[in-house]
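Fold and geometry: a report
So you can see what is in the structure, the chains are spelled out below.
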Amino acid sequence: MKMFSAEDHAFMSRALALTARGRDTATPNPNVGCVIVKGGRLLAEGWHERAGEAHAEVRALEAASEPPAGATAYLTLEPCSHQGRTPPCVDALIAAKVGRVVCALEDPNPQVRGAGIRRLREAGIRADVGLMAAQAEETHRGFLKRMRTGRPWMRIKAAASLDGGIALANGSSRWITGEAARRDVHALRARSCAMLTGIGTVRHDDPELTVRMVPCSRQPKRVLIDHRLEIPLSARLLQGEPLTILTVSDDGERRAALESRGAEVVRVPGDGRKADLAAIVALLAERGFNEVTVETGGKLMGSLVRAKLIDELVLYLAPMLLGDAAQGLFAMGELLRLDQAPRVRIADVRHVGEDLRITARWGDA
């Protein structure tokens, strides 16, 4: 087992903290953090802020207060070894003659996958992998999920009463939770690459699905599942940045009308009536979305859970009761045995204002 010092842990902790600065904007790239240290002294730090711009390693090397030859670079992910929109970071580290590189994780990207580590070692640079790997897995979870499985990190966000109601029988749901919880939801949107909803939610709530209550330097892409292209042309989703509509409809007239409003209409696989949800999730990954947040009604939420396409549920529970006539969280049909019920792992529970936020995950997620 590889041994790391207390100093190693301290500087990797700093590198992981730096990832927060690019968390909302680095997509589709990972939000890597980098710290460069020499003789126990911090020479520089950097983070990847935006795709197409300098990666964390290059930003740190350029900011170094003295020549980094012989220094140790702490990275939350293996340095890239391929030419993309920017040159390979491993070349910059080798050219700078650093003496050691410590990576939290190997990069599962097929274009890298150990090649960066191998090239460092071939150049005579010590490369250690695995320091604070669990924390880095959490930090880079969306990118890692997409690289390993061809799927984004899929998250359902929902708000409900203590007895599981998401709306009254007449559809009224504003506002079940308080302002603090709603602000927290907007922070969740800000870190998401895309927001996904269904046509039922558009008809009932006419949402915007934008980030408004917290600072945001880039809005998440908005994606709508609309099997028959039923979205009203007056819908707020058709205002602002272009909406992507996923459909099985071949109605050319409706497509033209929606495209005239700036929407992108994409036909996806399905049975002629409904879209294939697994194919939709794969498409979202192909478009470079690392984290996707689903805000929709019980029907689509239930379908996604039944299809085993969800990694995480973020549930805000309000201190109220809506009664048995209220609309429920997940429309999944009748279960005949308890062992048929999907099981989740509670990852976090905390108060947000007067409400309770429960984060639950499926399987090993």
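The structure we're discussing is the one just above.
What counts and how
Residues numbered from 1 in each chain as written. Predicted model: local features only at pLDDT ≥ 70, side-chain atom pairs only at ≥ 80, totals over all residues. Heavy atoms only, no water. Core = buried A, V, L, I, M, F, W, Y, C linked by side-chain atoms within 4.5 Å. Buried < 20%, exposed > 50% of the residue type's maximum accessible area, 1.4 Å probe, protein only. Helix = DSSP H or I, 4+ residues; strand = E, 2+ residues; numbered from the N terminus. Contact = heavy atoms within 4.5 Å. Salt bridge = Lys/Arg side-chain N within 4 Å of Asp/Glu carboxyl O. Patch = residues over 30% accessible without salt bridge, like charges linked within 9 Å, V, L, I, M, F, W, Y side chains within 5 Å. Areas by Shrake-Rupley, 256 points an atom, 1.4 Å probe, with all protein chains shown as cover. Pairing = 2+ DSSP bridges. Phe/Tyr/Trp six-rings, centres within 6.5 Å; stacked < 30°, edge-to-face > 60°. Lys NZ or Arg CZ within 6 Å of the ring centre and 35° of its normal. Arc of directions from axis to C-beta. Axes fitted to C-alpha atoms, helices over the stretch in contact; angles between N-to-C directions. Lys, Arg positive; Asp, Glu negative; His and termini not counted. Polar contact = N/O pair within 3.5 Å; in protein donor to acceptor, adjacent residues only side chain to side chain.

To continue, consider the nonpolar core. Among soluble globular proteins, nonpolar side chains are generally buried collectively. Counting residues in hydrophobic clusters, the biggest one holds 40 residues, and the most contacted among them are Met12, Ile36, Leu93 and Val101. Broken down by element, this core gets its largest block of residues, 5 residues, from helix H1 (residues 6-18). Apart from the residues within four sequence positions on either side, Ile36 is in contact with Arg41, Leu42, Leu43, Ala44, Ala60, Leu61, Pro68, Ala71, Thr72 and Ala73. Formed by 35 residues, the second largest nonpolar core is a distinct cluster that contains Ile156, Met301, Leu309 and Trp362.

Applying the stated criterion across every chain, the model contains 35 salt bridges. Here Asp311 and Arg151 are joined by a salt bridge, their closest N and O atoms 3.7 Å apart. With Asp311 in the loop between helix H11 (298-306) and strand E13 (312-318) and Arg151 in the loop between helix H6 (141-149) and strand E6 (153-161), the pair connects residues that are 160 residues apart, well separated along the chain. Each of the two residues, Asp311 as well as Arg151, counts as buried. Between Glu179 and Arg183 there is a salt bridge, with its nearest N and O atoms 3.0 Å apart. Taken together, the positions of Glu179 and Arg183, both in helix H7 (residues 179-190) and 4 residues apart, correspond to about one turn of that helix. Assessed through its relative accessible area of 35%, Arg183 is described here as partly exposed. Through salt bridges with shared partners, a single ionic network connects Glu138, Arg141, Arg155, Arg191, Glu291, Glu312 and Arg361.

Here the focus is a nonpolar patch on the surface. A contiguous nonpolar patch, built from Val344, Ile346 and Val349 and spanning about 250 Å² of accessible area, is present on the exposed surface. Turning to its location among the elements, Ile346 is positioned in strand E15 (residues 344-352).

Below, the discussion takes up the pairing of strand E2 (residues 41-47). Pairing of strand E1 (residues 33-38) with E2, which is carried by 6 bridges, proceeds in the antiparallel orientation. Following the sheet pairing, Val37 is matched in E2 by Leu42. In sequence, E1 turns back onto E2 through a hairpin of 2 residues, with Gly39 there showing a positive phi of about 60 degrees.

As a further point, take the packing of aromatic side chains. Remark: the centre distance and the inter-plane angle together describe each pair of aromatic rings, the angle taken between the planes. This structure, assessed with the given rule, holds 1 aromatic pair. Seen from the ring of Trp47, Arg21 lies directly overhead, with NZ or CZ sitting 4.6 Å from the centre. Sitting above the plane of the Trp47 ring, Arg59 keeps its charged end 4.6 Å from the centroid.

Here we take up helix H2 (residues 56-63). All of the buried residues along H2 are Ala56, Glu57, Ala60 and Leu61. For H2, the angular spread of the buried residues around the axis is 125 degrees, confining them to a single face. Looking at the packing, one finds that the buried side of H2 touches E1, E2, strand E3 (72-75) and helix H3 (89-95).

Bringing the sheet that holds strand E12 (residues 291-294) into the picture now. As summarised here, the arrangement of the 9 strands in space is E11-E10-E9-E8-E12-E6-E13-E16-E15, forming an open sheet in which the pairing is mixed. Each edge of the open sheet is held by one strand with a lone partner, namely strand E11 (264-267) and E15. Across the sheet, the mean angle from the axis of one strand to that of its neighbour is 25 degrees, orientation sign disregarded. Looking at chain direction, E15 and strand E16 (residues 355-362) are connected through 8 bridges and run antiparallel. Bridging across to E16, Arg350 finds its partner in Arg357. The sheet strands contacting H7 are E6, strand E8 (194-198), E12, E13, E15 and E16, and the helix crosses E13 at an angle near 165 degrees.

Turning our attention to the side chain of Asp226. Along the chain, Asp226 turns up in the loop between strand E9 (221-225) and strand E10 (244-247). Lacking a salt bridge, the buried Asp226 has Arg254 as its closest oppositely charged neighbour, with an N-O distance of 5.7 Å. In terms of polar contacts, Asp226 uses its side chain to reach the backbone amide nitrogen of Glu230, at 2.8 Å. Not counting residues within four places of it along the chain, the set of residues in contact with Asp226 comprises Ile199, Ile231, Ile245, Leu246 and Thr247.

All right, on to the sheet that holds E2 then. On the basis of which strands lie adjacent, the open sheet formed by 5 strands has the order E2-E1-E3-E4-E5 and mixed pairing. Two strands lie at the open edges of the sheet, namely E2 and strand E5 (126-129), each paired on one side alone. On average, adjacent strands in this sheet sit at an angle of 15 degrees to one another, irrespective of strand direction. In the sheet, strand E4 (residues 100-103) pairs with E5 via 4 bridges, with the strands oriented parallel. Across the sheet, residue Arg100 finds its bridge partner in E5, namely Arg126.

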